[in-house]
Amino acid sequence: MEEEVEKAVFAYLRKRGFRLTEIALQEEQSRLSADASLSRSESDAAKYYDGYGKLRSWAYNSLDSYRHELLRVLYPVFIHCFMDLVAQGHMQEARTFFQTFREDHEMMHLRDLQKLEGILSPSHLEEMELARLWRQNKVKIRLCQYSYELLVQYLHKTQSLAMLGVINEHINFEVYPGQPASISDDSEAVSLIGTSQDLAREINQKELHWGLLEDSVEERMEKALSESDKTEVDGNKEADTEDNNKKKTDGNKHGTAVNNKKKKDKVVGATGKTIRSETSMVSVPPRVKSELTLPQFPPEVEQSILEDLRNRVQLGSLALPSVSFYTFLNTHNGLNCSTISHDGSLVAGGFSDSSVKIWDMAKIGQPGRASNSQGENGSMQGMHSLASDEAKRPYSLLQGHSGPVYSVSFSPFADFLLSSSSDNTIRLWSTRLNANLVSYKGHNFPVWDAQFSPMGHYFATASHDRTARLWSMERIQPLRVMAGHLSDVDCVQWHPNCNYIATGSSDKTVRLWDVQTGNCARLFIGHRSMVVSLAISPDGRFMASGDEDGTIMLWDLSTGRSVSPIIGHNSCVWTLAFSCEGTLLASGSADCMVKLWDVTSSMKALKTDDSKSGPASRLRLLKALPTKSTPVYTLRFSRRNLLFAAGALSAGS
Amino acid sequence: MSIVPKETIEVIAQSIGISNLSPDVSLALAPDVEYRLREITQEAIKCMRHSKRTVLTADDVDSALNLRNIEPIYGFASGDPLKFKRAIGHKDLFYLDDREVDFKEVIDTPLPKAPLDTAVVTHWLAIEGVQPAIPENPPIEAIVAPADGKKTDHGKDDSLPIDLKLPIKHVLSRELQMYFDKIGELILGRAETPLFKDALLSLAKDSGLHPLVPYFSYFIADEVSRNLNNLPILFALMRVVKSLLSNPHIHIEPYLHQMMPSIITCLVAKRVGHQISDNHWAIRDFAAKIVASICRRYGHVYHNLQSRLTKTLIHAFLDPSKALTQHYGAIQGLSALGPSVVRLLILPNLETYMQLLDPEMQLDKQKNELKRKEAWRVYGSLLLAAGSCLYDCLRLFPGLLSPPDILPWKTNKKLALTNLPNNKRKASSRLTAHQPPSKKLAVDPAGTNSQFPSTDGPATSSSSGSNPNHHHSHNSSNNNSSSTGNITNTNVNINNVTGGGAHGQRVAVSNVLRQAWKEDMDAAHLLSSLHGLFGEGIFSFIQPAEMHCFI
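Residues numbered from 1 in each chain as written. Chains lettered and ligands numbered in written order. Predicted model: local features only at pLDDT ≥ 70, side-chain atom pairs only at ≥ 80, totals over all residues. Heavy atoms only, no water.

Asks: Would you take a moment to explain the overall build of chain A for this structure?
Replies: When its secondary structure is counted, chain A shows 17 helices and 31 strands. Buried residues in chain A amount to 52% of all 653 residues. Here the contacts in chain A between residues at least 6 apart in sequence split such that 58% fall between residues at least 24 apart. With the model as given, the accessible surface of chain A reaches about 29,800 Å², and the carbon-plus-sulfur share is 52%. (Helix = DSSP H or I, 4+ residues; strand = E, 2+ residues; numbered from the N terminus. Buried < 20%, exposed > 50% of the residue type's maximum accessible area, 1.4 Å probe, protein only. Contact = heavy atoms within 4.5 Å. Areas by Shrake-Rupley, 256 points an atom, 1.4 Å probe, with all protein chains shown as cover.)

Structure below.
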């Protein structure tokens, strides 16, 4: 319209021959347009600043019940405003914008902010993973109907085009009818992953065979128990004699005292069984076939497992475990990781000086050896010849790596030890020979974690190269490469049925992988910082994950949902462990605490809440056990439910 | 714009030999430098987390550089976190405290000790969810009464429910046994060494000593009865008792009944140490303090604790056949229990006891110098007990002596005449005034003796019935000396008790005393009667401010 008028004016001037007027008009026009373009770029920056500022104050002043939903919108808008400013080259403005509003988001997204703060030029936007992700993907935000309308109304009324642009370009709203959800479960409200949220949902809807392995030792044990139950019904006496017979075959030398004990044992077993059968009414873990060819345990090993299972203590919220703590002394800040064998007899530590050391606790326990003698002539040790030193040393020293050792893991019967190191290799050691057997090369970057499968033979590794890999002991090449994480894979854990492995990553997600196909089977979003520890419950249904900030989350593997997260510790949760029946969760942290959590109650809530994702119950703290300035590195429940813990005494305090 | 100023870029450029860097270049480089720094720091933090640490070290930065295929920075490696110092005058500028090292010094210094090798030790962090109080665990605030059977489950991981509570064989760990032997050796042999002090500190502070308490209580009882003549050992034993009592991690109540007899022995034994050479008074005082502290702490738990104790002590106190040293101990023990005990138990018997003590203190009646000294000791402790009781009364009712409207009335009063030469009285009052109230009167027995060579009992013989008095009026008593009739008048005025003249004074005094105990708040009466018994020595227990009021 305007242009037409303009054209008409020019035509008119030309027609009438007002040449000077025409030139003057043209000059004035060009000057004006130049001004406009200049002022536009100037005001662009200000528009973001003002627009965001207004949106922010509007959101904070909105109605109480809708406020937390509207506040969710602010963070992505904030990030995109900042990045747009950077992309347009307004460095200074971007900085001031960032500094002014960063405080609002520090609590929730501190780590992201710290990363994004470094972006100072458009080229950084291209280079930095996180920034690229943000710009390439849309954020999905769930809003209730009314909140959404409020927001749309506001944007229309204020005519803030910059904000409207940002929101249109980068945010997908998922509007749901009804009342706004409560504040507590907004953990997944704003999170960003490489794949879109839809894909994540799709992944999580895949079928998952989370049940236990069929024909496992436990199952056979249970079967045997139920059979003995039947015989008990037939006649108590008979059962007793049978019991006695069994004992005799066990090579029992003690006589009647043990007889009594055995009976009691049996009673305990029976009560345990009734409990189990009660719970099994609710859900008995389904049995699945293993996808890997698994090794068979030798009979004597199986016998010892059965023995352990028979002697297992029933733990619960009322029966707390005993905790035996292994303290590493004089580590000089060099201990990076530790592990404890299933029976607690062997303890291994990986050190930053590339060495791995194994202690045999049975030998240390003997009087007059090791620790005592070492304490007294510690100063003398330097003078001994190397050979005698070798003999005197209370541990076996394994040398072979050429970089800090980041993880160690015992095979189920402690005859092998795996160690992973920053020299990109994983080494397999024999604990009998105290020698290196194999060095597995395949990762291109430091290997953060290596874990033996529950059945042995296979192991999984996690690396800085963003992959997790599956290996078998006799091959030097990996069997599977699990790729998909957007940042380092920091920890890895096997599912008890050996068909899945779980990995935790610096991209704040936990993934579950199918070992047969190597595909991602589940994607768990909710952590706010790097995931450093994982544990899967013995029945295979639940998974716990701990992160750098001390948050612990409990996930239902089948649905991919979580019990609402809790700030369990003040510092990194280095380790998590489920008790053998899965009733307790133990967590160990850098804040020098071992905490015991009640899993059963929260699981019940999960099970009953299957339909709706209402405010799930939290993990209940049963007991906090402080250590004497010793961060807890490793926790492990023995098969008899004794809890072992290990950590290095931190000097100076 | 960037936190790296362009000047920094210029300085670095110069340091690597580029002298003419254009400002545009440095301006463009600065943001990138910041970005790279952040990147490296982020990787370094990753390495730190995987080393299970929460403090970033130079090694982590090196590992991060390695990850990025960059040559690490040499020369900063150290096991410990670096120590930074703040640059003076700058708010957030820090530097490493990196001193110059002289090679010669390095060569000359002897090799340092080889660092201790890594070791693993085990302990029970919890037993069935309960943390045992052992030195390896952090101290718990307060000990809950130890549940039986919990501590004995060591080593069994298949805890079956225990139906029968069999007598448990108590196994003492080797370390605790060594500890116990060492402490015993210290007590018996080397109680003067500084090591013993450390041992006492350890006894008073360490957790996990609980298993040793029965052994200690037996040891103490045993050694006290055996070493009654050896004062240093007794002292050491008492100090051990004190340490054990003050240890917050020890649940000592069940063992109190074993320890009390030993402590009371130290308090009221007839002979403790060598009578002449040793300062056995000190251990009696010390034991008295311990007894009192026990009563304070556990008195509310065991109601008969204090009553039994006071019964024992009053028995020792009132038995004339007992030695003076025993009397002394009893008095000290009772007075340590507090002023109210003194008021209830000592003061009513004071009068009669003084009659007993009196002859012992006089030179002409008691020829044995040692006995006389002892008597003076007892006198001193009585004075202290009564005095502190009085002090307490006055503290509770400060108005009793100070009201100004009474003051003129009091100063008008006629004063009692003492049949002592006035200079003697002065001397004695000076002496007591020199002693701080918390000290015993006769700390220096020799001096006291020289002061009173011819005294015929300065305190008891002083005719009583005088009013709550003050030095001033008393010292000038020979000026306004008056008849006995006046005394009775004043007595009537003050006490409403009719004194029977000079001869009947004792009766009057006991009347006064009885009255005082009945209305036991009446500190004025108390003071008057105490003055009757002790003379002016008692004035040192009145607060100076109040004394000023009188003068």
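Additional details are given in the paragraphs that follow.
Asks: What am I meant to see in the overall build of chain B here?
Replies: Along its length, chain B carries 22 helices and three strands. Considering only contacts in chain B between residues 6 or more positions apart, those separated by 24 or more positions represent 67%. A total of about 29,200 Å² of accessible surface is found on chain B, and carbon and sulfur atoms cover 58% of it.

Asks: Sorry, what's going on with the UniProt feature "repeat: WD" (unreviewed entry) in chain A here?
Replies: If you check UniProt for "repeat: WD" (unreviewed entry), the listed places come out as residues 328-361, 398-439, 440-481, 482-523, 524-565 and 566-607 of chain A in our numbering. Structurally, residues 328-361 of chain A comprises 3% helix and 59% strand, and the distance from its first C-alpha atom to its last is 12 Å. (UniProt positions renumbered as here; feature names shortened; annotations may be inferred.)

Asks: Is there a simple way to think about the interface of chain A and chain B in this case?
Replies: It is common to report an interface's size as the accessible area lost on association of the parts. The interface is formed by 70 residues belonging to chain A together with 52 residues belonging to chain B. When chain A packs against chain B, close to 5,500 Å² is buried across both sides, 58% of that on carbon and sulfur atoms. Contact with chain B buries area across many residues of chain A, yet Asn-333, Trp-574 and Lys-628 of chain A alone supply 9% of it, more than any other trio. Summed over the shared surface of chain A and chain B, the result is five salt bridges. (Buried area = accessible area lost by both parts, 1.4 Å probe. Salt bridge = Lys/Arg side-chain N within 4 Å of Asp/Glu carboxyl O.)

Asks: Looking at this structure, I do not really get the sheet that holds strand β17 (residues 480-483) of chain A. What am I missing?
Replies: In a beta sheet, neighbouring strands are held together by backbone hydrogen bonds and run either parallel or antiparallel to one another. All names here are of chain A. Pairing within the open sheet is antiparallel, and its four strands lie in the order β14-β15-β16-β17. The strands lining the two open edges of the sheet, one partner per strand, are β14 (447-452) and β17. Sheet twist, expressed as the average angle between the axes of neighbouring strands with direction ignored, equals 20 degrees. In this sheet, strand β16 (residues 467-472) lies alongside strand β15 (residues 458-463) in antiparallel orientation, the contact comprising five bridges. Bridging across to β16, Thr-461 finds its partner in Arg-469. (Pairing = 2+ DSSP bridges. Axes fitted to C-alpha atoms, helices over the stretch in contact; angles between N-to-C directions.)

Asks: How do you make sense of the pairing of strand β5 (residues 323-329) of chain A when you look at a structure like this?
Replies: Each regular strand carries side chains that alternate between the two faces of the sheet. Of all the seven residues making up β5 of chain A, six are buried; the element is thus mostly covered by neighbouring parts of the structure. Both β5 of chain A and strand β3 (residues 119-126) of chain B contribute to a ladder of seven bridges, which runs antiparallel. If you follow Thr-327 of chain A over to β3 of chain B, its bridge partner there is Val-121 of chain B. Here β5 of chain A runs beside strand β31 (residues 643-648) of chain A; their pairing, made up of six bridges, is parallel.

Asks: Help me understand the nonpolar core in this model?
Replies: If you look at soluble globular proteins, the nonpolar side chains tend to sit buried side by side. Core analysis: the biggest nonpolar cluster contains 85 residues, and Ile-263 and Leu-357 of chain B have the highest contact counts within it. At eleven residues, the largest contribution of residues to this core is made by helix α10 (residues 280-298) of chain B. Among all residues touching Ile-263 of chain B, those that are not within four sequence positions of it are Met-238, Val-241, Ala-287, Ile-290, Val-291 and Ile-294 of chain B. Residues Ala-59, Tyr-75, Val-86 and Trp-134 of chain A belong to the second largest nonpolar core, which totals 46 residues. (Core = buried A, V, L, I, M, F, W, Y, C linked by side-chain atoms within 4.5 Å.)

Asks: Help me understand the environment of Gly-442 of chain A, please; the structure alone is not making it clear to me.
Replies: Secondary-structure assignment places Gly-442 of chain A in the loop between β13 (435-441) and β14. For Gly-442 of chain A, a relative accessible area of 23% translates into the label partly exposed.

Asks: Just to check I follow, could you spell out the packing of aromatic side chains for this structure?
Replies: Two aromatic rings, taken as a pair, are described by how far apart their centres are and by the angle between their planes. Residue and element names in this part refer to chain A. Taken as a whole, this structure holds 29 aromatic pairs over all chains when the rule is applied. On the basis of an interplanar angle of 70 degrees and a centroid distance of 6.3 Å, the ring pair of Tyr-49 and Phe-97 is categorised as edge-to-face. In this pair, Tyr-49 sits in helix α2 (residues 19-60) while Phe-97 sits in helix α4 (residues 91-116), placing the two residues 48 residues apart along the sequence. Tyr-49 gets classed as partly exposed once you look at its relative accessible area, which sits at 33%. On the accessibility criterion, Phe-97 (0% relative accessible area) is buried. Put simply, the rings of Tyr-49, Tyr-52, Phe-78, Phe-82, Phe-97, Phe-98 and Phe-101 pair up and form one aromatic cluster. Stacked on the ring of Phe-351, the Lys or Arg Lys-357 has its end atom at 4.4 Å from the ring centre. (Phe/Tyr/Trp six-rings, centres within 6.5 Å; stacked < 30°, edge-to-face > 60°. Lys NZ or Arg CZ within 6 Å of the ring centre and 35° of its normal.)

Asks: Is there a simple way to think about unusual backbone geometry in this case?
Replies: Most peptide bonds are trans, and most residues other than glycine sit at a negative phi. Backbone geometry at His-332 of chain A places phi at a positive 50 degrees, although glycine is not the residue there. Mapped onto the elements of the fold, His-332 of chain A is located in the loop between β5 and β6 (335-340). A positive phi angle is found at Glu-128 of chain B, which is not glycine, with a value near 50 degrees. Along the chain, Glu-128 of chain B turns up in the loop between β3 and α5 (174-189).

Asks: Honestly, the confidence of the model for chain B in this entry has me stumped. Any pointers?
Replies: One rule of thumb: low pLDDT means the predicted coordinates there are not for detailed reading. Residues and elements named next belong to chain B. Per-residue confidence for chain B averages 70 on the pLDDT scale, and 64% of its residues sit at or above 70. Below pLDDT 50 for its whole length, residues 545-551 participates in 13 contacts with residues either more than four positions away or in separate chains. On the interface metric, ipTM, the complex scores 0.72, and its pTM is 0.57. (pLDDT = per-residue confidence, 0-100.)

Asks: Just checking my understanding: could you explain the pattern of salt bridges for this structure?
Replies: Oppositely charged side chains are able to pair whenever their charged atoms sit close together. One pass over the structure, following the stated rule, counts 26 salt bridges over all chains. The partner of Lys-6 of chain B in a salt bridge is Glu-7 of chain B, with the nearest N and O atoms 3.9 Å apart. Under the relative-accessibility criterion, Lys-6 of chain B is labelled partly exposed at 29%. Judged by its relative accessible area of 43%, Glu-7 of chain B is partly exposed. Arg-226 of chain B serves as the salt-bridge partner of Asp-222 of chain B, at 2.8 Å between the closest nitrogen and oxygen. With Asp-222 of chain B and Arg-226 of chain B both in helix α7 (residues 213-226) and four residues apart, this pair spans about one turn of that helix. Owing to a relative accessible area of 27%, Asp-222 of chain B belongs among the partly exposed residues under this scheme. Taking the relative accessible area as the measure of exposure, Arg-226 of chain B reaches 55% and is therefore exposed. A cluster of three or more residues bridged by salt bridges with shared partners is formed by Glu-127 and Asp-488 of chain A together with Asp-32, Arg-36, Glu-39, Glu-43, Lys-46 and Arg-68 of chain B.

Asks: Help me understand a negative patch on the surface in this model?
Replies: All names here are of chain A. A surface patch of like charges, here negative, comprises Glu-2, Glu-3, Glu-4 and Glu-6. Residue position: Glu-2 is located in helix α1 (residues 2-16). Classification of Glu-2 by relative accessible area gives exposed; the value is 66%. (Patch = residues over 30% accessible without salt bridge, like charges linked within 9 Å, V, L, I, M, F, W, Y side chains within 5 Å. Lys, Arg positive; Asp, Glu negative; His and termini not counted. Charge placed at Lys NZ, Arg CZ, Asp CG, Glu CD.)

Asks: Honestly, the packing of α10 of chain B against helix α11 (residues 303-318) of chain B in this entry has me stumped. Any pointers?
Replies: Packed helix pairs are specified by the crossing angle of their axes together with the interaxial distance, meaning the distance between the axes. All names here are of chain B. Packing of α10 against α11 brings their axes to within 8 Å, and their N-to-C directions diverge by 155 degrees. By the angle class used here, α10 and α11 are roughly antiparallel. Remark: the crossing between α10 and α11 carries left-handed chirality. Across the interface between the two elements, Val-291, Ile-294, Cys-295 and Tyr-298 from α10 touch Leu-305, Gln-306 and Leu-309 from α11. (Parallel < 35°, antiparallel > 145°, perpendicular 65-115°, else oblique. Left-handed = near helix turned anticlockwise from the far one by under 90°.)

Asks: It is not clear to me how the environment of Tyr-95 of chain B should be interpreted in this structure. Could you clarify?
Replies: Residue and element names in this part refer to chain B. When you line up the elements, Tyr-95 lands in strand β2 (residues 94-96). On the accessibility criterion, Tyr-95 (41% relative accessible area) is partly exposed. Separated by eleven residues in the primary sequence, Tyr-95 and Phe-84 have C-alpha atoms spaced 5.5 Å apart. For Tyr-95, the contacting residues outside a window of four places in its chain are Lys-83, Phe-84, Lys-85, Arg-86 and Ala-87.

Asks: Even after reading the chapter, I still don't get the confidence of the model for chain A, so can you show me in this structure?
Replies: All names here are of chain A. Of all residues in chain A, 77% have pLDDT values of 70 or greater, and the mean over the chain is 78. Across residues 232-282 the pLDDT falls below 50, and counting only partners more than four positions away or on other chains, this stretch makes 29 contacts in the model. The low-confidence segment residues 367-389, where pLDDT is below 50, has 16 contacts with residues more than four positions distant or belonging to other chains.

Asks: Where do I start with the side chain of Arg-511 of chain A in this structure?
Replies: Residue and element names in this part refer to chain A. Turning to its location among the elements, Arg-511 is positioned in strand β20 (residues 509-514). No salt bridge forms around the buried Arg-511; measuring N to O, its nearest opposite-charge neighbour Asp-507 is 5.0 Å away. In this structure the side chain of Arg-511 is engaged in a polar contact, spanning 3.4 Å, whose partner is the backbone oxygen of Gly-484. In this structure Arg-511 touches Gly-484, His-485, Ile-501, Ala-502, Thr-503, Cys-520, Arg-522 and Leu-523, once residues within four positions along its chain are discounted. (Polar contact = N/O pair within 3.5 Å; in protein donor to acceptor, adjacent residues only side chain to side chain.)

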